[in-house]
Amino acid sequence: MQQRVAVVSGGGTGIGKAIARELAAAGNRVVILGRRIDVLERARAEIDRAVGTPRVVPIAADLTVPSQVNDAAHAIADIGPVDALVNNAGAVITQPADGSLDALANAWRRDLDTNLLTAVLLTTALLDHLRRPGGRLVVISSAAAQRGGAGPHSAGSYAAAKAALHGWAFGLARQLGPDGITVNVLAPGYVSDTEIFGADWTPEFHASKIADTLVGRAGTPEDVATAVSYLTSPAAGYLTGQVIGLNGGAVLGR
Ligand SMILES: NC(=O)c1ccc[n+]([C@@H]2O[C@H](COP(=O)([O-])OP(=O)(O)OC[C@H]3O[C@@H](n4cnc5c(N)ncnc54)[C@H](OP(=O)(O)O)[C@@H]3O)[C@@H](O)[C@H]2O)c1
């Protein structure tokens with residue numbers, strides 16, 4: 001049987017690395033994308049070692065830059081049709097302390113670029129290369145899109161950028177459904193053991209996020225990877241156009 005091809009943006013760290021590992025273990029050839037080639041190379045070595053065979057292809061690209069996305073998409077197209085595209089790259093942009101509108105506008109643009117435009121550019125560049133029928137598109141959003149907030153110093157722009165992904169994904173689901181391609185949004189709550197909160201992470205913040213859940217623990221990158229594994233599987237062909245919460249009960253019923 002032909003090897004399936006999966007693409008995971010932000011696949012060198014945190015949630016994306018766990019998704020890449022899960023999809024590689026399931027037999028996929030997995031392209032991981034990020035800006036830092038050294039980080040991607042380390043992830044490739046770690047996952048290939050864990051899986052016991054070379055399955056990971058690292059490609060460095062800043063996915064906010066159209067020419068770099070185009071170059072990456074051409075390299076991916078040479079590998080073969082894309083069975084699963086996981087738009088996971090993102091970041092919590094720290095909001096400016098100085099209160100100027102210039103600084104605020106800059107932070108909002110960076111948030112929208114990093115959390116929204118990365119997914120829009122990569123998906124658009126790969127659209128003609130998605131497997132038809134059978135392609136699977138997953139967008140990693142956040143519980144912040146459903147209830148606001150995120151890191152200790154983020155403001156509305158992270159939640160707004162993630163929420164914008166939802167409306168875009170619904171339109172894509174309508175557009176691609178007739179081609180047999182599913183599109184879903186996965187909205188994780190707090191997930192520890194990633195780089196996203198950087199120096200803003202504190203034990204108090206961690207404890208407050210756990211207190212928000214019904215199950216009394218933080219999410220893990222593997223929790224997200226398990227859900228993505230199902231959403232990208234051939235078995236998930238009737239599930240499309242949905243926002244799926246994965247948050248330990250921190251957000252109910254949405
Ligand atoms: N951790 C949580 O609590 C949580 C909760 C809900 C949703 N999420 C979402 O889950 C996703 C993964 O986050 P994470 O927690 O695993 O954090 P992370 O470890 O910081 O991962 C983010 C990844 O995105 C990549 N990236 C960022 N900007 C990029 C760009 N312009 N071009 C290409 N790649 C870029 C980063 O690689 P480079 O820096 O090398 O480019 C990094 O590998 C994000 O979309 C995040 O918003 C996280």
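Here's what I pulled together on the structure shown here.

Rules and cut-offs
- Per chain, residue numbering runs from 1 following the sequence as it is written.
- Only residues with pLDDT of at least 70 get local features here, since the model is predicted, and only at 80 or more are side-chain atom pairs given and counted; chain-wide, interface and lining totals rely on the full set of residues.
- To obtain the side-chain values, all non-hydrogen atoms of the structure were used and water was disregarded.
- Here a strand is any run of E in DSSP of at least two residues, a helix any run of H or I of at least four, and the numbering for each starts at the N terminus.
- Relative accessibility under 20% of the residue-type maximum defines a buried residue, over 50% an exposed one, and the middle range a partly exposed one, all with a 1.4 Å probe and only protein chains included.
- Residue contacts are counted whenever heavy atoms from the two residues lie within 4.5 Å of one another.
- Computed with a 1.4 Å probe, the accessible areas rest on the Shrake-Rupley method; for each residue, only the protein chains presented here act as cover.
- For two strands to be treated as a pair, DSSP must find no fewer than two bridges joining them.
- The near set for a molecule or strand comprises every residue that places at least one heavy atom within 4 Å of it.
- We define a polar contact as two N or O atoms separated by no more than 3.5 Å, with the added condition that, inside protein, one atom must be a possible hydrogen donor and the other a possible acceptor, whereas residues neighbouring each other in sequence contribute only through side-chain atom pairs.
- Here the nonpolar group is Ala, Val, Leu, Ile, Met, Phe, Trp, Tyr, Cys and Pro; Asp, Glu, Lys and Arg are the charged ones; every other residue, Gly included, is treated as polar.
- Where helices are involved, their axes are fitted lines through C-alpha atoms of the stretch in contact, as for all axes, and angles between N-to-C directions lie from 0 to 180°.
- When a carboxyl oxygen of Asp or Glu lies within 4 Å of a side-chain nitrogen of Lys or Arg, that pair is called a salt bridge.

### Overview of the overall build of the chain
Then step 1. A count of helices and strands for the chain gives eight helices and seven strands.
Then step 2. Taken over 254 residues, the chain has a buried fraction of 47%.
Then step 3. Within the chain, contacts between residues at least 6 apart in sequence are counted, and of these 76% link residues at least 24 apart.
Then step 4. By element, 54% of the accessible surface of the chain is carried by carbon and sulfur atoms, the whole surface being about 11,500 Å².

### Remarks on the pairing of strand β6 (residues 182-188)
Then step 1. In terms of burial, β6 is largely enclosed, as seven of its seven residues are buried.
Then step 2. Side-chain alternation along β6 places Thr182, Asn184, Leu186 and Pro188 on one buried face and Val183, Val185 and Ala187 on a second face that is also buried.
Then step 3. With five bridges joining them, strand β5 (residues 136-140) and β6 adopt parallel strand pairing. Within the sheet, the bridge partner assigned to leucine 137 lies in β6 and is valine 183.
Then step 4. Summarising the sheet, β6 and strand β7 (residues 243-246) pair through four bridges and their orientation is parallel. Within β7, the position partnered with valine 185 by the bridge is valine 243.

### Section: the site of the ligand
Then step 1. In the vicinity of the ligand lie 28 residues, with Arg35, Arg36, Asn88, Tyr158 and Thr194 positioned nearest.
Then step 2. In this structure, arginine 35 approaches the ligand through a side-chain N or O atom, which is 2.7 Å from an oxygen atom.
Then step 3. Protein chains bury 95% of the 880 Å² of accessible surface belonging to the ligand in isolation.
Then step 4. Here the shell around the ligand is composed, by residue class, of eleven nonpolar, twelve polar and five charged.

### Section: the sheet that holds β7
Adjacent strands of a sheet form backbone hydrogen bonds with each other and so pair up, either parallel or antiparallel.
Then step 1. Here we have seven strands laid out as an open sheet, ordered β3-β2-β1-β4-β5-β6-β7, and parallel in their pairing. Each of the sheet's edge strands pairs with one partner strand only, and the pair in question is β3 (56-60) and β7. Geometrically, the sheet is characterised by an average inter-axis angle of 20 degrees between neighbouring strands, direction not taken into account.
Then step 2. Where helix α4 (residues 101-126) meets the sheet, its contacts fall on β1 (5-9), β2 (29-34), β4 (84-87) and β5, and the angle it forms with β4 comes to roughly 165 degrees.

### Some details on the pattern of salt bridges
Then step 1. Applying the stated rule across the entire model yields eleven salt bridges.
Then step 2. Salt-bridge contacts for arginine 21 lead to glutamate 222; the nearest nitrogen and oxygen are separated by 3.6 Å. Of this pair, arginine 21 sits in helix α1 (residues 14-25) while glutamate 222 sits in helix α8 (residues 221-231), placing them 201 residues apart in sequence.
Then step 3. For the salt bridge of glutamate 41 with arginine 44, the shortest nitrogen-to-oxygen distance reads 2.9 Å. Of this pair, glutamate 41 and arginine 44 both sit in helix α2 (residues 37-51), three residues apart, which is roughly one turn of the helix.
Then step 4. Relative accessible area serves as the criterion here: at 32%, glutamate 41 is assigned to the partly exposed category.
Then step 5. A single network of salt bridges, built from pairs that share partners, joins Lys17, Arg21, Glu46 and Glu222.

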